[in-house]
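Inside the fold
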Amino acid sequence: MSEQQLLMSREMRALVIEMVLATDMSSHFQQLNAVKAMISGATGPDNIDKTKGLSLCLHCCDIGHPTKDWNVHETFADRLVEEFFLQGDREKDLGLACSPLCDRSTTLVPESQVGFIDFIVKPLFDVLKDMLSVILPLPLDSQEISAISEDDRENDDKSDAETDHRHSLWLETLTTNCLSNRDHWKDQCKPK
């Protein structure tokens, strides 16, 4: 392996390690604030720290199941909650206090999911949307998309505006799914 390849390999390894560490929920709010600060004055992709941007994207992938269709999200949520409950069971067996959200006898799953979506996932994806709007400027509305001439579409399989529109639609779908899933959970919350 050449010296340049070795250097690139080390840089890639360091990047992957930093990205994976950024998925730790203990640094969630710190990460959000850092990215918000980074994009507040950004005027283009060159102003985005690639490591922070990639770390945010991976963090979104890690906890983004509420942005999926209900069937997928509910399956993920059920599995995660069961993992938490198994941890709580083990903690009880060891005579320890249960960690938050890990006690199957007291945790209200629908309420916890609403809180997770409202305070963790939705704000995270709002920051992702803001960051991507700096990297990939999105059209303001559907009129901009309809303004793409037929000639442009024939000359270029995917014009920049069409690509931007697909990114915009993708982000809208994630937000819509997230809010719809929150409403599903709210419907399941016990009346107080």
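Residues numbered from 1 in each chain as written. Predicted model: local features only at pLDDT ≥ 70, side-chain atom pairs only at ≥ 80, totals over all residues. Heavy atoms only, no water.

Moving on to the overall build of the chain. In terms of helices and strands, the chain carries eight helices and zero strands. Sequence-ordered secondary structure for the chain, helices as α and strands as β, is α-α-α-α-α-α-α-α. Burial analysis of the chain (192 residues in total) assigns 32% to the buried set. Long-range pairs, those at least 24 residues apart, make up 72% of the contacts in the chain between residues at least 6 apart in sequence. Roughly 12500 Å² of accessible area belongs to the chain as shown, and the carbon and sulfur atoms make up 55% of that amount. (Helix = DSSP H or I, 4+ residues; strand = E, 2+ residues; numbered from the N terminus. Buried < 20%, exposed > 50% of the residue type's maximum accessible area, 1.4 Å probe, protein only. Contact = heavy atoms within 4.5 Å. Areas by Shrake-Rupley, 256 points an atom, 1.4 Å probe, with all protein chains shown as cover.)

With that out of the way, let us pick up unusual backbone geometry. Its identity is not glycine, yet Leu 101 carries a phi of approximately 70°, on the positive side. By the element assignment, Leu 101 lies in the loop between α4 (70-93) and α5 (109-135).

Moving on, we get to the confidence of the model for the chain. Here the chain averages 87 in pLDDT, and 83% of its residues register 70 or above. Across the chain, α4 holds the top mean pLDDT of 97, while helix α6 (residues 142-146) sits lowest at 50. (pLDDT = per-residue confidence, 0-100.)

This brings us to the packing of helix α3 (residues 50-63) against α5. How two helices sit against one another is set out by the angle between their axes and by the gap between those axes. Packing of α3 against α5 brings their axes to within 10 Å, and their N-to-C directions diverge by 145°. Viewed along their axes, α3 and α5 form a crossing whose handedness is left-handed. Side by side, α3 and α5 meet where Gly 53, Leu 56, Cys 57, His 59, Cys 60 and Ile 63 of the first sit next to Phe 116, Ile 120, Val 121, Leu 124, Phe 125, Val 127, Leu 128 and Met 131 of the second. (Axes fitted to C-alpha atoms, helices over the stretch in contact; angles between N-to-C directions. Left-handed = near helix turned anticlockwise from the far one by under 90°.)

Time to look at the nonpolar core. Counting 29 residues, the largest nonpolar core has Leu 56 and Met 131 as the members making the most contacts within it. Broken down by secondary-structure element, the contributors of at least two residues to this core are α2 (28-40), α3, α4, α5 and α8 (160-188). Ignoring sequence-local partners within four residues, the contact set of Leu 56 consists of Gln 31, Leu 32, Val 35, Leu 124, Val 127, Leu 128 and Met 131. (Core = buried A, V, L, I, M, F, W, Y, C linked by side-chain atoms within 4.5 Å.)

Moving on: the side chain of Thr 67. By secondary structure assignment, the location of Thr 67 is in the loop between α3 and α4. Discounting residues that sit within four places of it in the chain, Thr 67 has contacts with Val 121, Phe 125, Thr 173, Leu 174, Asn 177 and Cys 178.

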